[in-house]
Amino acid sequence: MNGVGAGSLPRWWRNRIPRYRLVGAKCKVCGRIHYPPREACPYCGSRDLEIVPLPRRGKLLSYTHVFSVPGDNRLSTPIILGLVDLGSAKVIAELTDVLPEELPNVKEVEAVVRKVEEQGGNGVIGYAIKFRPVLQATPGGQG
Ligand SMILES: [Zn+2]
């Protein structure tokens, strides 16, 4: 916005808070919550938004495998993207700590911070919010 410098570090710095904490941007006009946080509401166009914390646990509504990921220094592909209902907002984020064959049984997920990339040279390591399955205690338990 006011020319902080060159390279990817300023952008990384600007995105630091939304990446490390699970927060959304709530539109003060229409009340919708957006994740990741936005500067303007895509529904009503308002620029009057505030950062609000989001619940760390939610229901996994849907998921998909993504085999082509932007950026050439990803640690692994394919990745699994999930649609998570946090109650106040629905978010799309990467799922972690889960095997593909386990996905049909995953109902509840929780947010964790995970390493996503290492940028060669300057030693910057990126982190992002991902979701992992909440382990369910089976009543009467065989499992
Ligand atoms: Zn709005």
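Here's a quick rundown of the structure. In this text the structure is predicted, and so the values were computed from the model without any measurement.

The next thing to look at is the environment of I51. Tracing the sequence through the fold places I51 in strand β3 (residues 49-53). Residue class for I51 comes out exposed when judged on the 12 C-beta atoms lying within 10 Å of it. Placed 14 residues apart in sequence, I51 and P37 show a C-alpha to C-alpha distance of 7.2 Å. With residues near it in sequence (within four places) discarded, I51 still touches V23, A25 and P37.

In this section: the sheet that holds strand β2 (residues 33-34). A sheet is described by the order of its strands in space; here 3 strands give the open sequence β2-β1-β3, paired in antiparallel fashion. Both outer strands of the open sheet, β2 and β3, are each paired with one neighbouring strand and no more. The pairing of strand β1 (residues 23-27) with β3 spans 5 bridges and is classified as antiparallel. In the sheet register, V23 faces β3, and the bridge partner there is P53.

Moving on to the nonpolar core. V84 and F131 are the most contacted members of the largest nonpolar core, which has 13 residues in total. Residue assignment for this core shows that the elements contributing at least two residues are β6 (90-95), β7 (108-118) and β8 (125-133). For F131, the contacting residues outside a window of four places in its chain are G82, V84, A93, L95, V109, E110 and A111.

Inspection of the sheet shows strand β4 (residues 57-66) paired to strand β5 (residues 79-85) by 7 bridges, in the antiparallel sense. Paired with K59 across the strands is D85, a residue of β5. Relative to β6, β5 is paired through 6 bridges, and the arrangement is antiparallel. Bridging from a neighbouring strand, D85 pairs with K90 of β6. Connecting β5 to the antiparallel partner β6 that follows it, the hairpin turn spans 4 residues, and G87 within it adopts a positive phi of roughly 95 degrees.

Each value, and the rule that gives it
Residues numbered from 1 in each chain as written. Predicted model: local features only at pLDDT ≥ 70, side-chain atom pairs only at ≥ 80, totals over all residues. Helix = DSSP H or I, 4+ residues; strand = E, 2+ residues; numbered from the N terminus. Buried ≥ 20, exposed ≤ 12 C-beta atoms within 10 Å, placed from the backbone. Contact = placed C-beta atoms within 7 Å. Pairing = 2+ DSSP bridges. Core = buried A, V, L, I, M, F, W, Y, C linked by C-beta atoms within 7 Å.

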